[in-house]
Amino acid sequence: GSYITSFNVPATVESLGTRAFYDCENLESLTFEEGTAPLEYGTPYDNYSGLVFEVSYSLGTVHLPGRLTVLHNDAFYSGYTSYSALTVTFGDQYAEGNFTESRLTTIGENAFRGTKVTTLTIPSSVTSIGANAFYGTSLETITFEDGGTDPLTIGDYAFNECSSLESVVFPSNLSELGINVFQ
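To start, this report covers the structure provided alongside it. (Residues numbered from 1 in each chain as written. Predicted model: local features only at pLDDT ≥ 70, side-chain atom pairs only at ≥ 80, totals over all residues. Heavy atoms only, no water.)

1. Topic: the packing of aromatic side chains
- This structure, assessed with the given rule, holds 6 aromatic pairs.
- Taken together, a centroid distance of 5.3 Å and an interplanar angle of 5 degrees make the contact between Phe-112 and Phe-134 stacked. Linking Phe-112 in the loop between β8 (106–107) and β9 (119–122) with Phe-134 in the loop between β10 (128–129) and β11 (141–144), this pair joins segments that are 22 residues apart in sequence. In this pair, the class of Phe-112 matches that of Phe-134, namely buried.
- Pairing Phe-144 with Phe-170 gives two aromatic rings, centres 5.5 Å apart and planes at 50 degrees, and the pair type is tilted. (Phe/Tyr/Trp six-rings, centres within 6.5 Å; stacked < 30°, edge-to-face > 60°. Helix = DSSP H or I, 4+ residues; strand = E, 2+ residues; numbered from the N terminus. Buried < 20%, exposed > 50% of the residue type's maximum accessible area, 1.4 Å probe, protein only.)

Listed below in structure tokens is the structure:
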């Protein structure tokens, strides 16, 4: 494994691919520089998708820039282990950075599946949340930012097995809710 504990992704990076931080078991913090180029996270490669942090046991904080447009399938999912308590912010939700408003439109299937993220604010720019996106997470609170103008669809089983999640208030632009979203 790697001994890296933190990493700053430069503004010039436009795609963070599958297994980019594979076996970085000591990585605790990942921060992205803001920029103008769109960014995709968990870009599929060959037969793999997401799994950016596969076998990363210590990851606790990720600050995603406003330029992020897509969180691909399995972006934070790790079939081998759950992270420690995970904090994720999008764009200007991170007060300490010089980030712009989020342009994230897609949260892919299984994107956060099984993680220990407890609180999350979904940007108003999001129009698609994939099946099983938050399946089995430690979510206690999820907030949807107001102001979305495009229709929002939420896939099947998106919040399934989130036993700590007590309530959700959906935004007015919700247009489609999949089957067994909260089973």
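2. Let's talk about unusual backbone geometry
- Phi at Asp-74 is positive, roughly 65 degrees, even though this residue is not glycine.
- By the element assignment, Asp-74 lies in the loop between β6 (68–71) and β7 (87–90).
- The buried category is assigned to Asp-74, whose relative accessible area is 15%.
- One non-glycine residue with positive phi stands out, namely Tyr-157, at about 60 degrees.
- In this structure, Tyr-157 sits in the loop between β12 (152–154) and β13 (168–169).
- The partly exposed category is assigned to Tyr-157, whose relative accessible area is 28%.

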